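Residues per chain are reported as follows:
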Amino acid sequence: MLPYRASSSLGGPKLPRPLLRLLIVVPVLVLLYFIGGQLMSDRAELHELREKQASGWSETAAAMAAASGSSGGGGGRHAADHRLSDADLAAIGRQSAVENDKDDSTRPVAPEAPAGQPPADLGPSSKKKKTAAGTEAGAGIAHAIDDDSRLEEEDAHEGRPVKDKPHAAAAAPKKKPAPVVAKPKPAPPPVLPPAEPKNAPLDPYFKSRLSSPPFRLTDPRWDKYVIGLKSGIEVAADKVPIQLATFLQGVRNIYFFGDGVMRVGDYEMTDVITGAYDKAVEKLTRLGTIHKAHEWSDSKKKFEKNNRERAEREAAAAAKKKAEKAKAHEKHPNHGGLQRRGAKDQDVKPNESSKGWKMDAHKNIPAMREMYKAYPNAEWFVMIDDDTYLFMENLHRVLSGFNSSMPYYIGSPTHFRDCDGVKVLGSGPMFNHGGSGIILSREALRRMVNIADECIVRYNDCWAGDVRLGLCMRDAGILASFNHLPRRLFNPVTPHWSVHPYFDDPCQRVASFHHLSAASMQKLYDIERSVARRTQQFVNLGKLPAKLNRTLARHLFFPNGTQPAEFAHLGLPEQLPSPFSAPIHLEDIWHEFVDNDKDLPEIEHDIARTNEFYLVWTGTKNPGHCRWLCEKDKKCRAWHYEPSGRCEMKDSITRAMRKKGSASGMIKNRFYCNSRSP
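Residues numbered from 1 in each chain as written. Predicted model: local features only at pLDDT ≥ 70, side-chain atom pairs only at ≥ 80, totals over all residues. Heavy atoms only, no water.

Observations regarding unusual backbone geometry
Unlike most non-glycine residues, Asn-611 shows phi in positive territory, near 65 degrees. With relative accessibility at 44%, the residue Asn-611 sits in the partly exposed group. The phi torsion at Asn-669 lies on the positive side, around 60 degrees, for a residue other than glycine. Within the secondary structure, Asn-669 is located in the segment after β17 (657-666). By relative accessible area, Asn-669 is classed as partly exposed at 44%. (Buried < 20%, exposed > 50% of the residue type's maximum accessible area, 1.4 Å probe, protein only. Helix = DSSP H or I, 4+ residues; strand = E, 2+ residues; numbered from the N terminus.)

Right, here's the structure in full:
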């Protein structure tokens, strides 16, 4: 068989495949041979260069050893022990550095000392060299003497005898000392902070940095307030930022507390729960008053006595009224009397088995005590939740009429049950709802702090923190009531039309809302900024008096009646005290949450808004007919329809309740304030 030949597309001579392989492999092998030879040659040159460097170092080391060995047997002993190898290399390196620095003009050089005087003192390291080498020795001899001293110390440490020898400077030839470079003193080692205890603040610098301008522009009128912001370690990162970015911008004193240690921006959460109960028990046990925490307080005994007397009076009055009614019925047997309709209070009991709720209940009393310790000179202490929005301008207006040296416990008074032995709603003392905001004057908090440990132990099983605080305030002799402020100033619900009752005059101020989402908080902040801009425009247009009566509107102004210097660059009108000034009225809330709400239906089916009516129509055909009657009456703001044909006209919006067959609705753009207050 003929050998296989590679074919060519050009039709030329064909070469066998082995020959083709040979033509390819041979040049490659030749190229690899030359590359390998070149690499071996470079390696040999590198080895020869290293040997020359090593021989040069050895000669220099031998010369150094001979110079130091001329003073006695030390040199021979060192050479025999081969101990100068590492030291010589270090000395050579230091000597080379000194020689290289002779011409370096960028470094500070010590001046030469006059004849007969020692060189300038350059610090502890120079003193050591000066003592060893003398004033006339060179830098190289000084390093050699340094090495001898080190070796003698090693001999003494290892137990070998050290021979006395004359000073090396005596055998050294006299020559002009080389310039010595002044080296900077080594920096002291960093001082490490002490170990922090568990749950200690992460970084105290943040608190001090944010507690004063110029890092944050705040309103000096509000410096007497402390805002206690309560949250949980699981939800704070989601809820707290919107509060810090909106209504808390102008507040200097913010106390952020919860059930752990974490940071939201530059604000650090303080753990007020861990160890609070155990510390209270330990303190009361040490003082011998632990038994008081398990007994009724004097205030509770007095309150219960008053309750019994009131119940007896009410029972006697009811019996008397019943007897009079029976007597009247005997005279007029066909007279049935009028039936009184009363609304049943809806009591929503919280989930007492919830871990988050139980943890939240332990925060209020310890937090109030810590706020008092952290800000002893504050006048008012305000506690809010992480879903609460606070109108600081309105709060300032309200509290300006009170004296903080008197005991005030202000908020949204509410009844409770299932705590402190209270089984019937309304039979116990009222407490101020925590989500709406709790305000304590300095005197009230001072009294509460005195019995805080007893309250922590006594009410440890109560299901709500604001109820515990209310009971503790009762034990301190201070009760929540409606006597201080009008109702619905602090609101436990959102301003949405589906849950918030707009009972009051559109000109009324509001201080807080609760159960808010981040979007609702942003909307409320937008309302504040809009009102602030509108107020400034009114001042510029002359719609506000050029000089306000500072006696009637003293809450607006600072003590000296002028704007602080930190607001000078803002160009505010003289009449406005602060860029944070935003007098919010209920009309402003209605306009945003009702008038501008596109989702508000014309007819709310199966919703009843009873009571608070000024006119009643009968014989109406349907809910649409009732709404038409309300639209015709300019006074009517809301209406309520019953299947019987009853149609109620309202000038205020009552609370919505579900009722089958009923209907109600609101008329937009009819909630106006005719006399806004500054």
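Notes on the sheet that holds strand β14 (residues 615-617)
Pairing within the open sheet is antiparallel, and its five strands lie in the order β13-β17-β15-β16-β14. Two strands in the sheet have a free side with no partner beyond their single neighbour: β13 (604-608) and β14. Ignoring strand direction, the axes of neighbouring strands in this sheet form an average angle of 35 degrees. Relative to β17, strand β15 (residues 638-641) is paired through four bridges, and the arrangement is antiparallel. Considered in β17, the bridge of Tyr-641 is made with Ala-663. (Pairing = 2+ DSSP bridges. Axes fitted to C-alpha atoms, helices over the stretch in contact; angles between N-to-C directions.)

A word on the packing of aromatic side chains
Overall, the coordinates contain 13 aromatic pairs when judged by the stated rule. Ring geometry for Phe-247 and Tyr-389: centres 4.7 Å apart, planes at 55 degrees, overall tilted. Residue Phe-247 is found in the loop between α8 (236-245) and β2 (254-258), and its partner Tyr-389 is found in strand β7 (residues 389-390); the two are separated by 142 residues along the sequence. These aromatic residues form a ring-pair network of at least three members: Phe-247, Tyr-389, Phe-391 and Phe-513. Across from the ring centre of Tyr-614, 4.6 Å away, lies the NZ or CZ of Lys-635, which sits over that ring. Note that Arg-646 overlies the ring of Phe-613, its terminal NZ or CZ placed 5.3 Å from the centroid. (Phe/Tyr/Trp six-rings, centres within 6.5 Å; stacked < 30°, edge-to-face > 60°. Lys NZ or Arg CZ within 6 Å of the ring centre and 35° of its normal.)

Brief notes about the packing of helix α13 (residues 364-374) against helix α17 (residues 465-475)
Viewed as axis vectors pointing N to C, α13 and α17 meet at an angle of 65 degrees, and their least axial separation amounts to 8 Å. Here Asn-364, Ile-365 and Met-368 of α13 lie close against α17, whose contacting residues are Gly-465, Asp-466, Arg-468, Leu-469 and Cys-472. Of the residues assigned to the contact of α13 with α17, the class counts are four nonpolar, two polar and two charged. (Contact = heavy atoms within 4.5 Å. Nonpolar A, V, L, I, M, F, W, Y, C, P; charged D, E, K, R; others polar.)

Regarding the state of the cysteines
Tallied over the entire structure, the rule returns five disulfides. Between Cys-419 and Cys-462 runs a disulfide, and the two sulfur atoms are separated by 2.0 Å. The sign of the 110 degrees torsion about the S-S bond sets the Cys-419-Cys-462 disulfide as right-handed. Here Cys-419 is found in the loop between β9 (413-414) and β10 (431-432), whereas its partner Cys-462 is found in the loop between α16 (452-458) and α17, with 43 residues between them in sequence. (Disulfide = S-S within 2.5 Å.)

Overview of helix α20 (residues 623-632)
Turning to α20, its buried residues are Pro-623, Cys-626, Arg-627, Leu-629 and Cys-630. What you see down the axis of α20 is that its buried residues fit within an arc of 160 degrees, all on one side. Buried residues along α20 sit against β14, β15, β16 (647-650) and β17. Where α20 begins, the side chain of Asn-622 points an oxygen toward the backbone nitrogen of Gly-624, at a separation of 3.2 Å. (Arc of directions from axis to C-beta. Polar contact = N/O pair within 3.5 Å; in protein donor to acceptor, adjacent residues only side chain to side chain.)

Let's talk about the pairing of strand β1 (residues 225-230)
Most of β1 is tucked away: six of the six residues are buried. Here β1 shows two buried faces, one formed by Tyr-225, Ile-227 and Leu-229 and the other by Val-226, Gly-228 and Lys-230. Note: β1 against strand β6 (residues 380-385), six bridges, orientation parallel. Its bridge partner being in β6, Val-226 is matched across the sheet by Phe-381. Relative to β2, β1 runs parallel, the two sharing four bridges. What sits directly across from Lys-230, in β2, is Phe-257. Considered for its hand, the β-α-β crossover made up of β1, α8 and β2 is right-handed. (Right-handed = clockwise from strand over helix to strand, strands pointing away.)

Let's talk about the pairing of β16
Residues Cys-647 and Met-649 line one face of β16 and the alternating positions Glu-648 and Lys-650 line the opposite face, and both faces are buried. Bridge count for β14 against β16 is three bridges, and the pairing is antiparallel. When the sheet's bridge partners are listed, Trp-617 is paired in β16 with Cys-647. Examined bridge by bridge, β15 and β16 share four bridges and lie antiparallel to one another.

Regarding the sheet that holds β6
Taken in spatial order, the six strands make up an open sheet running β5-β2-β1-β6-β11-β8, and their pairing is mixed. Among the strands making up the open sheet, the edge pair consists of β5 (270-271) and β8 (409-410). In this structure, β8 lies alongside strand β11 (residues 438-441), joined through two bridges in antiparallel fashion. The partner of Tyr-409 across the bridge, within β11, is Leu-440. On the sheet, helix α15 (residues 442-450) packs against β6 and β11 and is oriented at approximately 90 degrees with respect to β11.

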